[in-house]
Every structure is written in C-alpha cells, then in structure tokens.
Amino acid sequence: MTQTPIHWKLVIDAADPHAQAEFWAAALGYEVEDNAAFIERLLELGALPDAATVDFHGRRAFRDLIAVRHPDDPCDPEKGVGLGRRLLFQRVPEPKSVKNRLHLDLHPGEGRRDGEVERLEGLGASVLRQVKEPAGEWVVMADPEGNEFCVA
C-alpha cells in the first residue's frame, strides 16, 4: 500500500514573526501569505479578538504568526494559506539561546554564492563563518534573529 504524501510546513520561532517573514520572503523569493480575508471573516464571527491581529502593510494579519510560501505553489483562496512549500513564523517570548537543531541550506547556483551572501547581508543577515571542507564550501549565516542557515 502506497502512503499518500503528508503536507507539512517548517515552523520557526521568532520574536518578530512579521520581520522574519519579510526577510525570508526576500531571501527565498517567496511571498508573504495574505490571510486578511480569512481574518476579517473570523472577526465578524466573533471567533477571533481584534487584539489577536495587527496591521501589516495596510492589511489585517495574525499578530503572532505569519507564513511565507513559494509563489508557484497552490494557495487556499479562502484562507490565503499556501498548500505547498511554506515557512511559518510564530511569536515566542524567549530569545534564541542555542545552536539550531534544524536549518535551511540555500543553493543559489554555480558561481553565485558570493553574490547571494552579499545580497542576504543587505537584507539583514550576517556572516558567521566560511567553511571549506573536502565535501564542499559554504557560508554559515544568521538571519536577523540569529537563526543559522547556510549558503552553498
């Protein structure tokens, strides 16, 4: 019996989920999800308090979570939720304190690593170290909240 693939998303804790979503959308060429119509419907039904929302570029957004999605993947038109490759950022009270146990590896393509590292620094990332090993070369970076990722 063949198992149906399981839909998933990567959830990342954040102090400022909206700023993280903007950084990662720009870093990956993804789109920030627009849940405004769904949020308005929840507010009208009394299922969501106004305090659970914020203004995000002139549209209602959830205060404590926001996602980015690949622009070519399908999206639920009623909820604005992506149905494919997604990163969801959720607000947490504690700051990042240890090394990630999971991270993203970005692969910009042959000969484009240095330019991509420079572009990501312009978006607010920082270089932590450059790695050269027999298995390859990559740059370890940190996003604006200190989450590590690699550019190979």
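If you're wondering where the values come from, they're calculated on a predicted model, not measured in any experiment.

What counts as what
- Residues numbered from 1 in each chain as written.
- Predicted model: local features only at pLDDT ≥ 70, side-chain atom pairs only at ≥ 80, totals over all residues.
- Heavy atoms only, no water.
- Helix = DSSP H or I, 4+ residues; strand = E, 2+ residues; numbered from the N terminus.
- Buried < 20%, exposed > 50% of the residue type's maximum accessible area, 1.4 Å probe, protein only.
- Areas by Shrake-Rupley, 256 points an atom, 1.4 Å probe, with all protein chains shown as cover.
- Lys, Arg positive; Asp, Glu negative; His and termini not counted.
- Charge placed at Lys NZ, Arg CZ, Asp CG, Glu CD.
- Pairing = 2+ DSSP bridges.
- Salt bridge = Lys/Arg side-chain N within 4 Å of Asp/Glu carboxyl O.

Focus: the overall build of the protein chain
No. 1: If you tally the helices and strands in the protein chain, you get three helices and twelve strands.
No. 2: In terms of principal-axis extent, the alpha carbons of the protein chain reach across some 60 × 45 × 25 Å.
No. 3: Going through the 152 residues of the protein chain one by one, you find that 37% of them count as buried.
No. 4: Carbon together with sulfur atoms contributes 53% to the accessible area of the protein chain, which is approximately 9,600 Å² in total.
No. 5: For the protein chain, the distance from the average site of its 18 positive side-chain charges to the average site of its 27 negative ones is 3 Å.

What to know about the sheet that holds strand β9 (residues 105–106)
No. 1: Overall, mixed pairing links the four strands, which are arranged β9-β12-β11-β10 in an open sheet. Two strands lie at the open edges of the sheet, namely β9 and β10 (126–133), each paired on one side alone.
No. 2: When strand β11 (residues 136–142) meets strand β12 (residues 148–151), the two strands line up antiparallel, connected through four bridges. Following the sheet pairing, Val140 is matched in β12 by Cys150.

Quick word on the sheet that holds strand β1 (residues 10–14)
No. 1: With mixed pairing, four strands are arranged side by side in an open sheet as β1-β8-β5-β2. What marks the edges here is a single partner per strand, and that holds for β1 and β2 (31–32).
No. 2: As defined by bridge partners, β2 adjoins strand β5 (residues 65–69) across two bridges and the pair is classed as antiparallel. Its bridge partner being in β5, Glu31 is matched across the sheet by Arg69.

Some words on the pattern of salt bridges
No. 1: Under the defined criterion, the tally for this structure stands at eleven salt bridges.
No. 2: The salt bridge partner of Glu40 is Arg60, with a shortest N-O separation of 3.2 Å. In this pair, Glu40 sits in helix α2 (residues 36–45) while Arg60 sits in strand β4 (residues 59–62), placing the two residues 20 residues apart along the sequence.
No. 3: Classification of Glu40 by relative accessible area gives partly exposed; the value is 33%.
No. 4: What makes Arg60 partly exposed here is its relative accessible area of 29%.
No. 5: For Arg63, the salt bridge goes to Asp64, with nearest N and O atoms at 2.7 Å.
No. 6: By relative accessible area, Arg63 is classed as partly exposed at 37%.
No. 7: Of the residues examined, Asp64 reaches a relative accessible area of 26% and is grouped as partly exposed.

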